[in-house]
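Summary of the model geometry
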Amino acid sequence: MNFRLAAMEDLPQLKQVYQDIIRNMDNHQICIWDDIYPCAFFEEDIKNDCLYVLFDQKELVSAFALHNTSPGEKAVEWQENKGKACYLDRLGVNVNYLKKGIGSWMLQKAKETAKESGAACLRLFAVDINEPAIALYKKNGFIKGKGVYDEIIDEDFILHEYGFEAVL
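An account of the accompanying structure is given in this report. Quick caveat: nothing in here was measured; it's all calculated off a predicted structure.

1. Some remarks on the nonpolar core
Residues F64, L88, L122, Y137 and F142 are the most contacted members of the largest nonpolar core, which totals 25 residues. Contributing elements (two or more residues each) for this core: β2 (51-56), β3 (59-67), β4 (84-93), α3 (102-116), β5 (119-127), α4 (131-139) and β7 (157-167). At five residues, the largest contribution of residues to this core is made by α3. In this structure F142 touches L107, K111, L122, L124, Y137, F164, E165 and A166, once residues within four positions along its chain are discounted. Membership of the second largest hydrophobic core comes to 22 residues, among which are I30, W33, L51 and F55.

Structure below.
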């Protein structure tokens, strides 16, 4: 397996893998990603050197983005209030690699990468109905913060997101 920063030539495969992830989520009634999010953000993530990918030979296995800020960061009461925070976004695992420990492995890589950048903690947001993701984060030592970030997509669609944090 090869873990590295994403490159522009990864973009077509990233979009295809995430479209498969979205279909799988929709089939499990977790309808929170669509044809815009997260795929529309990958190009900017790559340009900003914040999108990381895991490949098995030439097949994309997983990806995530790391950022220094998040729109919901002030909506949650975090346990770690000193030092830099990194925010994990858009974690996805290729549907052909589900139930193989890839999500946990990628969370560990995200923690290591955030710590190497000088962060004191790694934070993320999970939509309240995304129970598999919430279970994964808890299993990997993330603690739920107090509060909820309501991400308003449009007047009829609001995502209620819990904040999770791991001190590094």
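There's plenty left to go through after this.
2. Let's talk about the sheet that holds β3
Reading across the sheet, the seven strands line up as β1-β2-β3-β4-β5-β7-β6 and stay open at both edges, with mixed pairing between neighbours. The outermost strands of the open sheet, each flanked by one partner alone, are β1 (2-5) and β6 (143-154). Averaged over neighbouring strand pairs, the angle between their axes works out to 30° when direction is ignored. Taken together, the five bridges between β3 and β4 define a ladder with antiparallel strand orientation. Each bridged residue has a counterpart across the sheet, and for H67 the counterpart in β4 is Y87. Relative to β3, α3 is tilted by about 40°, and along the sheet it contacts β1, β2, β3, β4, β5 and β7.

Here is what the cut-offs are and how they apply
Residues numbered from 1 in each chain as written. Predicted model: local features only at pLDDT ≥ 70, side-chain atom pairs only at ≥ 80, totals over all residues. Heavy atoms only, no water. Core = buried A, V, L, I, M, F, W, Y, C linked by side-chain atoms within 4.5 Å. Buried < 20%, exposed > 50% of the residue type's maximum accessible area, 1.4 Å probe, protein only. Helix = DSSP H or I, 4+ residues; strand = E, 2+ residues; numbered from the N terminus. Contact = heavy atoms within 4.5 Å. Pairing = 2+ DSSP bridges. Axes fitted to C-alpha atoms, helices over the stretch in contact; angles between N-to-C directions.

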